[in-house]
Amino acid sequence: MDIKNAQLEVDNWIKNHGVRYFNELTNMVQLTEEVGEVARIIARRYGEQSEKESDKSKDLGEELADVMFVVLCLANQTGIDLQEAFDKKLDLKTKRDHDRHHNNKKLK
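Given the structure is predicted, the values throughout are model-derived calculations rather than measurements.

A. Summary view of the overall build of the protein. Counting its secondary structure elements, the protein contains four helices and zero strands. Ordered by position from N to C terminus, the α and β elements of the protein give α-α-α-α. Taken over the C-alpha trace, the protein has a radius of gyration of 17 Å; the compact-globule value for 108 residues is 13 Å, which it surpasses by more than 25%. The C-alpha extent of the protein, read off along each of the three principal axes, is 50 × 45 × 25 Å. With 108 residues in all, the protein has 22% of them scored as buried. Residue pairs at least 24 apart in sequence account for 63% of intrachain contacts in the protein once pairs closer than 6 positions are excluded. Entry remark: accessible area of the protein is about 8300 Å², with carbon and sulfur atoms responsible for 57%. Charged side chains in the protein number 18 positive and 21 negative. The centres of these two groups are separated by 8 Å.

Here you go:
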């Protein structure tokens, strides 16, 4: 699925199940919460912190999907075509960073 279709799917879900979008500030706070959940899993599963028994069943993919869902909500409610914005960003990064990363000795 491309991003444009994902935005449409989220919009349809909100209209059919979610009543309405939360306001932008609420969604921003919700996004911060979801990113925190991703950070907690990564810090404990891949970092140096020990993982609590209760955290071992947490699904990183599910938490990343929660982040995506809220990002798509924010894009929809602020009129952003995220597919277009992503394509522009990828093009910019490709032009700007190609040699930079290939010449980075830290990445060898």
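After that view of the structure, there is still more to cover.
B. Here's a closer look at the pattern of salt bridges. This structure, assessed with the given rule, holds 11 salt bridges. For D81, the salt bridge goes to K4, with nearest N and O atoms at 2.8 Å. Linking D81 in the loop between α3 (60–77) and α4 (82–102) with K4 in helix α1 (residues 3–18), this pair joins segments that are 77 residues apart in sequence. Overall, the relative accessible area of 27% leaves D81 in the partly exposed class. A salt bridge links R100 to D97; the shortest N-O distance between them is 2.7 Å. A residue pair is termed a helical-turn pair when its members lie 3 or 4 positions apart in one helix, as R100 and D97 do in helix α4 at three residues. Overall, D97 belongs to the buried group, its relative accessible area being 4%. One salt-bridge network, in which partners are shared between bridges, spans K93, R96, D97 and R100.

C. Molecular detail of the confidence of the model for the protein. In the predicted model, the protein carries a mean pLDDT of 94, and 100% of its residues have values of at least 70. The weakest mean pLDDT in the protein belongs to α4 at 91; the strongest belongs to α3 at 98.

D. The arrangement of the packing of aromatic side chains in detail. Here the structure, examined in full by the defined rule, presents one aromatic pair. Ring plane angle 90° and centroid distance 5.6 Å describe the contact between W13 and F69, whose orientation is recorded as edge-to-face. Residue W13 is found in helix α1, and its partner F69 is found in helix α3; the two are separated by 56 residues along the sequence.

E. Looking closely at unusual backbone geometry. The backbone of V19 sits at a positive phi, close to 70°, despite the residue not being glycine. Of the residues examined, V19 reaches a relative accessible area of 76% and is grouped as exposed.

Rules of the game
- Residues numbered from 1 in each chain as written.
- Predicted model: local features only at pLDDT ≥ 70, side-chain atom pairs only at ≥ 80, totals over all residues.
- Heavy atoms only, no water.
- Helix = DSSP H or I, 4+ residues; strand = E, 2+ residues; numbered from the N terminus.
- Rg over C-alpha atoms; globule rule 2.2 N^0.38 Å.
- Buried < 20%, exposed > 50% of the residue type's maximum accessible area, 1.4 Å probe, protein only.
- Contact = heavy atoms within 4.5 Å.
- Areas by Shrake-Rupley, 256 points an atom, 1.4 Å probe, with all protein chains shown as cover.
- Lys, Arg positive; Asp, Glu negative; His and termini not counted.
- Charge placed at Lys NZ, Arg CZ, Asp CG, Glu CD.
- Salt bridge = Lys/Arg side-chain N within 4 Å of Asp/Glu carboxyl O.
- pLDDT = per-residue confidence, 0-100.
- Phe/Tyr/Trp six-rings, centres within 6.5 Å; stacked < 30°, edge-to-face > 60°.

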